[in-house]
Amino acid sequence: MGMERLLSIPRFLRLSAHLQMLPVLESGEETLVGGQAVMEGVMMRAPHSYCVAVRKPGGDIVTEEHPIPRMSEKYPIFKLPILRGLGTLGQAMTLGVRALKFSANAALDAPPDENRPAAEPGKKPAEITSWMMTLNLVFSLGVFIFLYKFVPLLLATQLGKVVPTLSGRFATNMVDGLIRMAIFLAFLFLLSLMKDIRRVFEYHGAEHKVVFNYESRQPVTVENAQKFTTFHPRCGTSFLLVVMAISTIFYALLPIDAFLPRFLARIALLPVIAGVSYELIRFAARRQGTLMGLLTAPGLWLQRITTKPPDNSHAAVAIHALSGAMALEEKQGGELVIA
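Scoring rules and cut-offs
Throughout this document, residue positions are counted from 1 along each chain, in the order its sequence is written. Two thresholds apply to this predicted model, a pLDDT of at least 70 for residue-level local features and 80 or more for giving and counting side-chain atom pairs, whereas whole-chain, interface and lining totals are computed over all residues. Hydrogens and waters are ignored; side-chain quantities use all the structure's heavy atoms. The helix count covers DSSP runs of H or I at least four residues long, the strand count covers runs of E at least two residues long, and both are numbered beginning at the N terminus. With a 1.4 Å probe rolled over the protein chains alone, any residue whose accessible area is under 20% of its type maximum counts as buried; one over 50% counts as exposed, and the rest are partly exposed. Residue contacts are defined here by distance: any two heavy atoms, one from each residue, within 4.5 Å place the two residues in contact. We get accessible surface area from the Shrake-Rupley algorithm with a probe of 1.4 Å; when it comes to residues, only the shown protein chains can shield them. The directions from the helix axis to the C-beta atoms form the arc being described. For the purposes of these results, a polar contact is taken to be a pair of N or O atoms within 3.5 Å, where, inside protein, one atom must be able to donate a hydrogen and its partner to accept one; residues adjacent in sequence count only when each atom of the pair is a side-chain atom. Each residue carries a pLDDT value, the predictor's own confidence for that position, ranging from 0 to 100. Definition used in this section: a nonpolar core is a set of buried Ala, Val, Leu, Ile, Met, Phe, Trp, Tyr and Cys residues joined via side-chain atoms within 4.5 Å.

**Student:** Sorry, what's going on with the overall build of the protein chain here?
**Tutor:** A count of helices and strands for the protein chain gives 13 helices and 4 strands. Relative to its full complement of 339 residues, the protein chain shows a buried share of 47%. Look at the contacts in the protein chain between residues 6 or more apart in sequence, and 70% of them connect residues 24 or more apart. In the structure as shown, the protein chain presents an accessible area of about 16200 Å², 66% of it carried by carbon and sulfur atoms.

Next up, the structure:
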């Protein structure tokens, strides 16, 4: 019974959706906190600490917290532009997977009901193991490459054969970019129709509100947090849009025409494009209201899909996660500075 629940299609797809939309955490000195929504909860991180808080089916909030080093402190090479983005993104993915696994297992630990009997005495409760998370991660990466690298390029190439004016290198790459963007928007919209994913988006909104509350220097309370918007310029939604825009420019400059080399180049250039996109988002986020600030505007608009207004219980969980991360940061003597 536990295995059936564990490997059900909805649960597997929920994990996959989370893994493909892990919010990007800002690691610059000006940033104090960041986070991501997980299943029925929120993960918050400080410069050297993180805490994930999850509301269990019974209503209790459970947490997991650990100290974490900054990648630039552990490996000085990640202080360099472009590379610092890769270090931050790699660490964000690692923490995101860890937090997601914790939240998924907390969701599994539900009280028995008439349709699902209690576990047998002495039997280990069902849980999502590391190999299951690895399997889902591999699946999610495969879906990402197929949907956003292979399919757009294939469709753009075939369209170029039908419409000669779209067969050139530049035209093919522009069409490829437009198709990629359309797939991304359609994917987000379809996810937003799922009831459980909508709850994730509500926790995403709560995370943004609480981060804004903290950065405002006002006391962090549910009442104060609810006064703020759910749209944050450092959200991963903005990052993904910038990645798609930058990738279209990169691909158009490649002196490659054959389908297979083009496809392989798209995969090989992922780290470079991610690093450049990170630098642009980092720069633009500190210049809201300027021309560079317009770079994050489409992402803010798109957050009307990826964030939803949270209720007070969502905000309470996000505050719980932030408090845990800040308490652990203080124990370590971390310097808490707001830009």
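The structure having been displayed, the exposition proceeds.
**Student:** Teacher, can you tell me more about helix H10 (residues 259-268) here?
**Tutor:** Each α-helix winds once per 3.6 residues, and so residues spaced three or four apart point in a common direction. Three or more residues of H10 are buried, namely Arg-262, Phe-263, Ala-265 and Arg-266. Down the axis of H10, the smallest arc covering the buried residues is 160°, so these residues share one side. Summarising the geometry of H10, the exposed residues directed more than 90 degrees from the buried face are Leu-260 and Ala-268.

**Student:** Would you mind showing me how to read the side chain of Ser-247 here?
**Tutor:** Its place among the elements puts Ser-247 in helix H9 (residues 236-253). Relative accessible area serves as the criterion here: at 1%, Ser-247 is assigned to the buried category. Separated by 2.8 Å, the side chain of Ser-247 and the backbone oxygen of Met-244 make a polar contact. Sequence-distant contacts of Ser-247, defined by excluding residues within four places in its chain, comprise Arg-180 and Ile-273.

**Student:** What exactly am I supposed to notice about the environment of Met-133 here?
**Tutor:** Its location among the elements puts Met-133 in helix H5 (residues 130-162). Owing to a relative accessible area of 4%, Met-133 belongs among the buried residues under this scheme.

**Student:** How should I be thinking about the confidence of the model for the protein chain in this particular structure?
**Tutor:** In low-pLDDT regions, the fine details of the predicted coordinates are not to be read closely. When pLDDT is averaged along the protein chain, the result is 80, and 79% of the positions lie at 70 or above. Least confident of the elements in the protein chain is helix H1 (residues 2-6), whose mean pLDDT is 43; most confident is helix H8 (residues 222-225), at 94. Considering only residues more than four positions removed or in separate chains, one finds that residues 23-31, a stretch of pLDDT under 50, has 34 contacts. Taken together, the stretch residues 112-119 has pLDDT below 50 and engages in 7 contacts with residues farther than four places along the chain or on a different chain.

**Student:** Would you mind going over the nonpolar core with me for this structure?
**Tutor:** Side chains that are nonpolar tend, in soluble globular proteins, to be buried together. Residues Val-33, Met-44, Val-210, Ala-318, Leu-322 and Met-326 are the most contacted members of the largest nonpolar core, which totals 21 residues. Looking at this core, the elements that each hand over two or more residues are strand E2 (41-46), strand E3 (49-55), helix H7 (195-215) and helix H13 (312-331). Apart from residues no more than four positions distant in its own chain, Met-44 is found in contact with Gly-34, Gly-35, Ser-49, Tyr-50, Cys-51, Glu-207, Val-210, Val-211, Ala-318, Ala-321, Leu-322 and Ala-325.

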